[in-house]
Amino acid sequence: KRGGKLDIKWSEVEGVEEYDLLRSDTKDGSYKKVTSTTENEFVDQNVELQKNYFYKVRARGGDNNGYGSYSPVSSGWAVPKTTITSILPLLLDLT
């Protein structure tokens, strides 16, 4: 059933060196890192069609190369092509 694709986008945060994108099969489940990227978007091509996935993002950067808090969870249903656009700003505290 592989062959699905989800386009995930989130708000860019100034001063970020990298974002960690994590995915789970359930909202309150265990999240595993899908990728680390310098971009504020990612195409997840390792998903099954007609299955719901949950994502959250965490930023890393700043003077101490610290981690920010996780974004709110967003979800998407894997179809041949779907886009998730976060409407909530990603909060980042690098102190």
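So, here's what we can say about the structure. Values in this document were obtained by computation on a predicted structure and should not be read as measured data. (Residues numbered from 1 in each chain as written. Predicted model: local features only at pLDDT ≥ 70, side-chain atom pairs only at ≥ 80, totals over all residues. Heavy atoms only, no water.)

As for the nonpolar core
The biggest cluster of nonpolar side chains holds 13 residues, and the ones touching the most others in it are Tyr19 and Tyr55. At four residues, strand 5 (residues 52-61) tops the list of elements feeding residues into this core. (Core = buried A, V, L, I, M, F, W, Y, C linked by side-chain atoms within 4.5 Å. Buried < 20%, exposed > 50% of the residue type's maximum accessible area, 1.4 Å probe, protein only. Helix = DSSP H or I, 4+ residues; strand = E, 2+ residues; numbered from the N terminus.)

Concerning the pairing of strand 2 (residues 16-24)
Buried residues dominate strand 2, accounting for seven of its nine residues. Two elements, strand 2 and strand 5, share eight bridges in a ladder whose sense is antiparallel. If you follow Val16 over to strand 5, its bridge partner there is Gly61. Of the strand pairs in this sheet, strand 2 and strand 3 (residues 32-37) are connected by five bridges, and their pairing is antiparallel. Across the sheet, Tyr19 pairs through a bridge with Thr37, a residue of strand 3. (Pairing = 2+ DSSP bridges.)

Focus: the pattern of salt bridges
Per the counting criterion, the structure on display carries four salt bridges. For Asp20, the salt bridge is made with Arg58, and the minimal N-O distance between the two is 3.8 Å. Taken together, the residues span a long stretch of sequence, with Asp20 in strand 2 and Arg58 in strand 5 at a distance of 38 residues. Asp20 gets classed as buried once you look at its relative accessible area, which sits at 5%. Where Asp44 meets Arg23, a salt bridge forms, and the shortest distance between an N and an O atom there is 2.6 Å. One end of the pair, Asp44, is in strand 4 (residues 41-48); the other, Arg23, is in strand 2, and 21 residues separate them in sequence. (Salt bridge = Lys/Arg side-chain N within 4 Å of Asp/Glu carboxyl O.)

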